[in-house]
Amino acid sequence: MTLSRSLAIAARALPFMLGVYVVALNASLGRPLWIDELSHFAFAAEPTTSAAWHRFLAAAVHNQHGQTGIYIILNYWTLTTLGVDPTLLRLPSILSGLLLFGSAVMLFRVLGLSVLWQVVVVGALAGQHLLMHYVGEARAYAPIPAAAVGLLLFYVAQPLHPHSRTLLGFGIVVALFGAVIHPYFALYWPAVCLVAYVHRQMRTGEPLGLVSLVRFANPALVALGAGLYLLLAALTWLRGQPHFGFDPFEWLNQSHGPVAHFTDYSHTQFLHGQYTVAAIFTVVAVVGALALPAPLRGCRRGLWAPALLMLLAVTVSLLLGLISYLSEYWILARQWVGSVALFAIGLVWFWAEAARIWARVAAPIGFAVCLAAGLLVSDQALRIHRVKLSELQAHLSQPGIPPGPEDCAPPPAFGPTGPSIDAWNDRLVALANRNIDCGGPVWPVFRTY
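Residues numbered from 1 in each chain as written. Predicted model: local features only at pLDDT ≥ 70, side-chain atom pairs only at ≥ 80, totals over all residues. Heavy atoms only, no water.

Asks: An account of the side chain of N435 is needed here, citing residue identities and associated values.
Replies: Mapping N435 onto the fold places it in helix α20 (residues 422-438). Given a relative accessible area of 0%, N435 falls into the buried group. (Helix = DSSP H or I, 4+ residues; strand = E, 2+ residues; numbered from the N terminus. Buried < 20%, exposed > 50% of the residue type's maximum accessible area, 1.4 Å probe, protein only.)

Here's what the structure looks like:
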């Protein structure tokens, strides 16, 4: 193998390797289990998958509202077959992180964008701190963006490879995974399908139309996904929910307000507040491209799909916020995690299309746009890298104290005492981490939780 070929292979692998590194850095390796992960851990105390599922159904309305239970069952399987370990508890989220980065890189590759742009999109996703947090959390949030971006990749690539069984299999898997993992996916499926459809029509020059959109969406796949979605919904979250009566803006108002949460703490986190610089860069890149001579105007069609992706990502977040508001439930930034990934991908894709237009005038200009975009997203990505590396080192350097035989005897069941449930929760969390240190199966005491 020649040196040039080896370098080419290394360059093509670089974005994937960076994605794997970012996921590993954010996988919460060595971090103890905490209260929000305890319920997932507790279900593994059931003797069988059937028992765990029926336990979930019994708690679905009042304690597990808005959940399909599939993530919990995945946790049951990882803990009962692979071992009791926090990383195995978070494994579905970690694998979702790998799917997210792999799909984003492949999307840009299918779009014909260079390795440099693939690295930029990895950097943008790495700079979304909220998104990266849930890559290392045993809750059903990381799978939402992973499935959404994977489905976007399928719909963009399918017209280019209509006879690929591998691609079709991938599309079926990510679509059904998204449909069963979380109710929010019902909003992201049509959004990414519409973006991919607009991209195809702009690329081919064919007119937009409802009939062609329906055909493009793959009705058989949609019917299968919708059927599973509704069946699971009827068994779980669609059965009803308690009356919350919360102030929807309680958590948003506690820190900097709703606008800051919608921007600095979620969708545009990867820009690290450099909105003026980002806006000027975007305007210069795009307006300049739009002012190019008539022979280059056909390239402008490439800007429509990424612009629509950003618009729909924000729209879905607003709809999710409205649902929480009408339900008198808290509006939380984590509810937007799918849009957080799609918005970052959409903006980088938008910049890349503008750079592609400029590259037709002169290749160095297109490269300069890519370089500027990389510098713009790298600041936040590197900041988070330093924080996460420090956290990882702290978790892994904690001296472990081997538990004695008396510590590893499964305790009897106990319930909450007194007016506050917090002490009971804290005791159970400590007990769960001791169970992890001792190894073996999850103790029966957690069934009471």
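Asks: Can you explain empty space enclosed by the protein? Please cite residues and give values.
Replies: Inspection of the entire model under this criterion finds 1 cavity of 30 Å³ or more. In this structure, the largest cavity occupies an estimated 30 Å³ of space. For the lining of the largest cavity, the class distribution of residues is 5 nonpolar, 3 polar and no charged. (1 Å grid on protein atoms, 1.4 Å probe; cavity = no way out; pocket = protein on both sides within 12 Å on 5 of 7 lines; lining within 4 Å. Points joined across faces, edges and corners; volume = space filled by probe spheres on them. Nonpolar A, V, L, I, M, F, W, Y, C, P; charged D, E, K, R; others polar.)

Asks: Outline the pattern of salt bridges, supporting the account with residue identities and numerical values.
Replies: Any two side chains of opposite charge can pair if their charged atoms end up close together. Following the criterion strictly, the structure yields 10 salt bridges and no others. A salt bridge links E46 to R55, with the shortest nitrogen-to-oxygen separation between them at 2.8 Å. A salt bridge links E353 to R356; its shortest N-O distance comes to 2.9 Å. Taken as a pair, E353 and R356 lie in helix α18 (residues 337-361) at a separation of 3 residues, close to a single helical turn. You can call R356 partly exposed: its relative accessible area is 29%. Connected via shared salt-bridge partners are R31, D36, E37, R90, E137 and R139. (Salt bridge = Lys/Arg side-chain N within 4 Å of Asp/Glu carboxyl O.)

Asks: Any details on the packing of aromatic side chains? Residues and values, ideally.
Replies: Inspection of every chain in the model, using the stated rule, returns 19 aromatic pairs. Where F281 meets W351, the ring centres are 5.2 Å apart and the plane angle is 75°; that geometry is what we call edge-to-face. One end of the pair, F281, is in helix α16 (residues 275-290); the other, W351, is in helix α18, with 70 residues separating them in the sequence. Three or more aromatic residues joined by ring pairs form one cluster here, namely F244, F246, W251, Y329 and W330. A cation over an aromatic ring shows up here: R427 above the ring of F414, its NZ or CZ 3.7 Å from the ring centre. (Phe/Tyr/Trp six-rings, centres within 6.5 Å; stacked < 30°, edge-to-face > 60°. Lys NZ or Arg CZ within 6 Å of the ring centre and 35° of its normal.)

Asks: So what about helix α4 (residues 70-81)? Which residues, and what values?
Replies: Between its first and last C-alpha atoms α4 spans 16 Å; for 12 residues at 1.5 Å apiece the expected length is 16 Å, and the two agree. Within α4 the residues assigned to the buried category are Y71, I72, I73, N75, Y76, T78 and L79. Buried residues in α4 make contact with α2 (35-43), α3 (49-59), α5 (86-89), α6 (91-110), α9 (143-157) and α10 (165-181). Positive phi appears at G83, one or two residues downstream of α4, with a value of about 130°. (Expected span 1.5 Å × (residues − 1). Contact = heavy atoms within 4.5 Å.)

Asks: So what's going on with the nonpolar core? Residues and values would help.
Replies: Within the largest apolar cluster, 102 residues are counted, with the highest numbers of intra-cluster contacts made by F108, W117 and W351. Ranked by residue count, the leading element in this core is α18, at 17 residues. Not counting residues up to four positions away in its chain, the partners in contact with F108 are L113, W117, Q118, V121, I345, V348 and W349. In terms of nonpolar packing, the next biggest core, distinct from the first, is built from 36 residues, L38, L88, A140 and L232 among them. (Core = buried A, V, L, I, M, F, W, Y, C linked by side-chain atoms within 4.5 Å.)

Asks: Describe the packing of helix α1 (residues 3-25) against helix α7 (residues 115-126), and please don't skip the residues or the numbers.
Replies: Relative orientation of the contacting elements α1 and α7 amounts to 5°, with a least axis distance of 9 Å. What the angle tells us is that α1 and α7 run roughly parallel. Facing A11, R12, L14, P15, L18, G19 and V22 of α1, the residues of α7 in contact are V115, Q118, V119, V122 and A126. Class assignment of the residues belonging to the contact of α1 with α7 gives a composition of 9 nonpolar, 2 polar and 1 charged. (Axes fitted to C-alpha atoms, helices over the stretch in contact; angles between N-to-C directions. Parallel < 35°, antiparallel > 145°, perpendicular 65-115°, else oblique.)

Asks: Report on the layout of surface pockets, specifying residues and quantitative values.
Replies: If you add up the space inside the second largest pocket, you get close to 410 Å³. Lining of the second largest pocket is provided by 22 residues; of these, L18, V119, V122, G123 and A381 occupy positions nearest its centre. Among the elements that make up the lining of the second largest pocket, the one with the highest residue count is helix α19 (residues 363-396) (11 residues). Looking at the lining of the second largest pocket residue by residue, the classes come out as 17 nonpolar, 5 polar and no charged.

Asks: Can you tell me about a nonpolar patch on the surface, naming the residues and giving the values?
Replies: Nonpolar side chains collect at one region of the surface, where L168, I172, L224, L228, L231 and L235 lie side by side and expose about 470 Å² of accessible area between them. Breaking the nonpolar patch down by element, the ones donating at least two residues are α10 and α13 (219-235). In terms of residue count, the dominant contributor to the nonpolar patch is α13 (4 residues). As for its placement among the helices and strands, I172 is situated in helix α10. Residue classification places I172 among the partly exposed positions, given a relative accessible area of 31%. (Patch = residues over 30% accessible without salt bridge, like charges linked within 9 Å, V, L, I, M, F, W, Y side chains within 5 Å. Areas by Shrake-Rupley, 256 points an atom, 1.4 Å probe, with all protein chains shown as cover.)

All quantities given are derived from atomic positions and should not be read as evidence of function.
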